[in-house]
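Examination of the molecular architecture
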Amino acid sequence: MIHLVIGGARSGKSSFAERQARESGLPVTYVATGEARDDEMSARIAHHRERRPTAWRTVEEPLMLADALVREAAAERCLLVDCLTLWLANAMFAKREDETDKLLAILPKLPGHVITVSNEVGWGIVPENALARRFRDEQGRLNQRIAAIADRVTLVAAGLPLTLKI
Amino acid sequence: MIHLVIGGARSGKSSFAERQARESGLPVTYVATGEARDDEMSARIAHHRERRPTAWRTVEEPLMLADALVREAAAERCLLVDCLTLWLANAMFAKREDETDKLLAILPKLPGHVITVSNEVGWGIVPENALARRFRDEQGRLNQRIAAIADRVTLVAAGLPLTLKI
Amino acid sequence: MIHLVIGGARSGKSSFAERQARESGLPVTYVATGEARDDEMSARIAHHRERRPTAWRTVEEPLMLADALVREAAAERCLLVDCLTLWLANAMFAKREDETDKLLAILPKLPGHVITVSNEVGWGIVPENALARRFRDEQGRLNQRIAAIADRVTLVAAGLPLTLKI
C-alpha cells in the first residue's frame, strides 16, 4: 500500500502522514531524508523528531532512498518517508537523478505500508533562478509519477486532507 | 461559528467570504487589517471597499486584532476579518508575535459569526529571502491552528470553493 | 461547453486536458499559445508536441486568441487551448490587455467544446518584482472570470483531478 501525501510548506502534511502511520497499527520506520546543513534545517529536524513516538525506528538516508526502502520494508511494517522533496534536492545536487528511476521501480514491489511525503512547489510565479525552475519541474514530475502508482493520494492544506485518489 | 477561508492571491477568497457574510443574514462588521502604505496597497483597499455593501460597519485594525474582535463581536453579528495575512505581516514587522496567541485564545470564545480570510503562501519554491521563509512558516502554522479550531474551512481557487471542513 | 483546467507548473494539467479532448470523441484543434523564444521553451513545446495525436490539427496563436477561436470553433469540434498563462504573458508584454475582454466576450458564444488550460500562480510568497506581482494579479482575475462562465472547472495536482465546478 503506497500513500502519497502532498502539500505546501507548513501545510501540516508531515503531521497528517505521521497520524496515518500511527493509525496503521503497524510498527513504524521513519525514513528521514533531510540533512542538518545549517541551523534552520537543524531546528526543523529537531522539531520533527520531538513530535515522533519514541517507539518508532528512525533511519536517515539523504540519497540512496531506494536501497534504504528495500532494506527496511516488511509485510507487517509501515515506512514513513519524510520527505521526497529534500531527497530530490539531494539527488539533483549530487547529480544522481538516476535515483528517481530506481525509486519508481522498487516502490510498487515493496511489502507492507509505505507513506511518502512530498511538497507542492509549482503554484507560484515562475522562479527567476534556472536551478529553481528545473527543481520545480522535477518535483512536479516526481509527484505525478508517484501519484500514478500510489494507492492513495492526499493533498493537505491548513492541516486538513483532500483526497485525490483512494 | 468560525469560518476560515483560505486561498492564493487573486483566488476570489475575499469575494467568497463577503458572500458568506451577506448570506449569514446578520449585520456585518468588516474588520480591515491592511494599511495603505503605498499606492499599490491603496488601490487594493479602495477596490475592496467599493465592493462592500454600504450598510456594513467598517473597523480598521492592523495589529491589535484580538482586542478589536472582542470589542466588536456580538451574538447576532457577523465579523468578517480580511485578512489574517496582512495582519500577520504587521505583527511580525512590529515584533508582536504574541498577538497570534491572543487571537487563538479569544477566537473560540467569541459570540456570533466570525469569518476570517487568509492566504496560502507555501506552494512555491523555497524563497531565497530568510524573512520570506519565516513568514511563510508562520503563515502556514497560523492557518493550521485556526483551521483546527474553526467550524468550517473553505479553500478557494478561481473563485470556486472546495470544502476542507464542515 | 467550456472546460477550464487549472493547476500548478508540472501538475499534469496539460496531460489531463489532452485526455479530456481525446475522450470528447470529437476532432481536435490544438491551439498553442507558446512561442519558442529560448531553448527551455523550445524543449517544452517539443515535449508537448510529441505527446499529441498526429490526427490533431495544430494552430499557433500567441496573441490574437479570440480571433483564432472564432475562426476554429465548430459545433462538432473540440478546441484545446494550451495555455492561457503564456497567452496572458504575451498580451501583457505586447500591452494588449484588451485581448482579455475580447476572449471573455466570445468564449460563451463559441460552438462545440472548448478546453482551456491555465496556471495557478498565486499560492506563493508575494513576488519582489512588481511585474511579477501584476502578472499574478491578472492571472488570478482571468482564472476567476473564465471559471465564472465555464461549465466545468477542474483543479489538477500530481496528475489527479479535483472538480471545482461541474
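Residues numbered from 1 in each chain as written. Chains lettered and ligands numbered in written order. Predicted model: local features only at pLDDT ≥ 70, side-chain atom pairs only at ≥ 80, totals over all residues. Heavy atoms only, no water.

What follows covers unusual backbone geometry. The bulk of non-glycine residues show a negative phi, and the bulk of peptide bonds are trans. Residues and elements named next belong to chain B. Across the junction of aspartate 82 and cysteine 83, the peptide omega takes the value 0°, indicating a cis bond. You can see cysteine 83 is positioned in the loop between strand 4 (78-82) and helix 4 (84-93). Phi angles above zero are rare outside glycine, and arginine 10 is one such case at about 55°. As for its placement among the helices and strands, arginine 10 is situated in the loop between strand 1 (2-7) and helix 1 (13-23). Judged by its relative accessible area of 16%, arginine 10 falls in the buried class. (Helix = DSSP H or I, 4+ residues; strand = E, 2+ residues; numbered from the N terminus. Buried < 20%, exposed > 50% of the residue type's maximum accessible area, 1.4 Å probe, protein only.)

What follows deals with the relation of the copies chain A and chain C. Expressed as a screw operation, the relation of chain A to chain C combines 0.0 Å of axial shift with a rotation of 120°, fitting to an RMSD of 0.0 Å. Such a turn and shift between the copies fits a three-fold axis. (Least-squares fit on C-alpha atoms with pLDDT ≥ 70 in both.)

Residues and elements named next belong to chain C. Spatially, 3-2-4-5-1-6-7 is the arrangement adopted by the seven strands of the open sheet, whose pairing is mixed. Each edge of the open sheet is held by one strand with a lone partner, namely strand 3 (57-60) and strand 7 (160-165). Shown here is a sheet whose adjacent strand axes are inclined to one another by a mean of 20°, direction ignored. Strand direction decides the pairing type here: strand 2 (residues 28-32) and strand 4 (residues 78-82), joined by five bridges, are parallel. The residue bridging tyrosine 30 from the neighbouring strand is leucine 80, located in strand 4. (Pairing = 2+ DSSP bridges. Axes fitted to C-alpha atoms, helices over the stretch in contact; angles between N-to-C directions.)

Moving on, we come to the interface of chain A and chain C. You'll often see interface size given as the accessible area lost when the parts meet. Chain A puts 21 residues into the contact, and the matching count from chain C is 24 residues. The largest per-residue losses of area from chain A upon contact with chain C belong to Trp123, Ile125 and Leu164 of chain A, which jointly make up 42% of the total buried on that side. Linking chain A with chain C are one salt bridge, by the criterion used here. Note that aspartate 137 of chain A and arginine 10 of chain C form a salt bridge whose closest N and O atoms lie 3.3 Å from each other. Secondary-structure elements contributing two or more residues to the side of chain A that touches chain C are helix 6 (130-149), strand 6 (152-157) and strand 7 (160-165) of chain A. Per element, the largest residue contribution to the side of chain A that touches chain C is eight residues, and it comes from helix 6 of chain A. Looking at the side of chain A that touches chain C residue by residue, the class counts come to eight nonpolar, six polar and seven charged. (Contact = heavy atoms within 4.5 Å. Buried area = accessible area lost by both parts, 1.4 Å probe. Salt bridge = Lys/Arg side-chain N within 4 Å of Asp/Glu carboxyl O. Nonpolar A, V, L, I, M, F, W, Y, C, P; charged D, E, K, R; others polar.)

The final tally for this structure, using the stated rule, is three aromatic pairs over all chains. Taken together, Trp123 of chain A, Trp123 of chain B together with Trp123 of chain C form an aromatic cluster joined through their ring pairs. Over the face of the ring belonging to tyrosine 30 of chain A we find arginine 52 of chain A, whose NZ or CZ atom lies 3.5 Å from the ring centre. (Phe/Tyr/Trp six-rings, centres within 6.5 Å; stacked < 30°, edge-to-face > 60°. Lys NZ or Arg CZ within 6 Å of the ring centre and 35° of its normal.)

Taken together, the 21 residues of chain B in the interface contact 23 residues of chain A. When chain B packs against chain A, close to 1700 Å² is buried across both sides, 64% of that on carbon and sulfur atoms. For chain B, the biggest contributors to the area lost against chain A are Trp123, Ile125 and Leu164 of chain B; these three give 42% of the whole. Across the chain B-chain A interface, the total number found is one salt bridge.

Turning next to the side chain of asparagine 143 of chain A. Within the secondary structure, asparagine 143 of chain A sits in helix 6. For asparagine 143 of chain A, the side chain forms a polar contact with the main-chain oxygen of asparagine 119 of chain A, separated by 3.0 Å. In this view, asparagine 143 of chain A contacts Leu4, Ile6, Ser118, Asn119 and Glu120 of chain A together with Ala158 of chain C; residues no more than four positions away in its chain are not counted. (Polar contact = N/O pair within 3.5 Å; in protein donor to acceptor, adjacent residues only side chain to side chain.)

So, on to the side chain of threonine 100 of chain B. Relative to the helices and strands, threonine 100 of chain B resides in helix 5 (residues 98-106). In this structure threonine 100 of chain B comes out as buried when scored by relative accessible area, which is 11%.

Bringing the pairing of strand 2 of chain C into the picture now. Residues and elements named next belong to chain C. Of all five residues making up strand 2, five are buried, and the element is well covered by its neighbours. By the alternation rule, side chains of strand 2 split into Val28, Tyr30 and Ala32 and Thr29 and Val31, which are all buried. Two elements, strand 2 and strand 3, share four bridges in a ladder whose sense is parallel. Opposite alanine 32, over in strand 3, you have glutamate 60 as the bridge partner. Each parallel crossover has a hand, and the one from strand 2 via helix 2 (residues 39-51) to strand 3 is right-handed. (Right-handed = clockwise from strand over helix to strand, strands pointing away.)

Attention shifts here to the confidence of the model for chain A. Low pLDDT marks stretches whose predicted atomic positions should not be read closely. Per-residue confidence for chain A gives a mean pLDDT of 95; residues scoring 70 or more make up 100%. Overall fold confidence (pTM) sits at 0.95, and the ipTM for the predicted complex is 0.94. (pLDDT = per-residue confidence, 0-100.)

Residues and elements named next belong to chain A. The contact between helix 4 (residues 84-93) and helix 5 (residues 98-106) brings their axes to 9 Å, and the two run at 140°. If you check the angle between helix 4 and helix 5, you find them oblique. Where helix 4 approaches helix 5, its residues Leu84, Trp87 and Leu88 are matched on the opposing element by Glu99, Thr100 and Leu103. Of the residues contributing to the contact of helix 4 with helix 5, the split by class is four nonpolar, one polar and one charged. (Parallel < 35°, antiparallel > 145°, perpendicular 65-115°, else oblique.)

Our next topic: the state of the cysteines. Residue and element names in this part refer to chain B. Enumeration according to the criterion identifies zero disulfides over all chains in this entry. Free of any disulfide, cysteine 78 has its nearest neighbouring cysteine sulfur in cysteine 83, separated by 16 Å. Judged by its relative accessible area of 0%, cysteine 78 falls in the buried class. When its relative accessible area of 6% is taken as the criterion, cysteine 83 is described as buried. (Disulfide = S-S within 2.5 Å.)

The next subject is the environment of arginine 77 of chain C. All names here are of chain C. By the secondary structure assignment, arginine 77 is in the loop between helix 3 (65-72) and strand 4. Dropping the residues within four chain positions of it, arginine 77 is found in contact with Leu26, Pro27, Val28, Thr29, Arg57, Glu72, Gly112 and His113. Here the side chain of arginine 77 touches threonine 29 through a polar contact of 2.7 Å, side chain to side chain.

Next up on the list: the nonpolar core. Counting 99 residues, the largest nonpolar core has Leu69 of chain A, Leu69 of chain B together with Leu69 of chain C as its most contacted members. Every residue in contact with leucine 69 of chain B, bar those within four places of it in the chain, is listed here: Val31, Leu79, Val81, Leu103, Ile106, Leu107 and Leu110 of chain B. (Core = buried A, V, L, I, M, F, W, Y, C linked by side-chain atoms within 4.5 Å.)

Let's shift gears to the pattern of salt bridges. Evaluation of the coordinates by the stated rule reveals 30 salt bridges over all chains. We note a salt bridge from glutamate 18 of chain A to arginine 51 of chain A, for which the minimum N-O separation is 3.1 Å. With glutamate 18 of chain A in helix 1 (residues 13-23) and arginine 51 of chain A in helix 2 (residues 39-51), this pair connects stretches of sequence that are 33 residues apart. Under the relative-accessibility criterion, glutamate 18 of chain A is labelled buried at 2%. Take arginine 51 of chain A: its relative accessible area is 31%, and that puts it in the partly exposed class. Lysine 102 of chain C is paired through a salt bridge with glutamate 99 of chain C; the nearest N and O atoms lie 3.5 Å apart. Of this pair, lysine 102 of chain C and glutamate 99 of chain C are both found in helix 5 (residues 98-106), three residues apart, which corresponds to roughly one turn of the helix.

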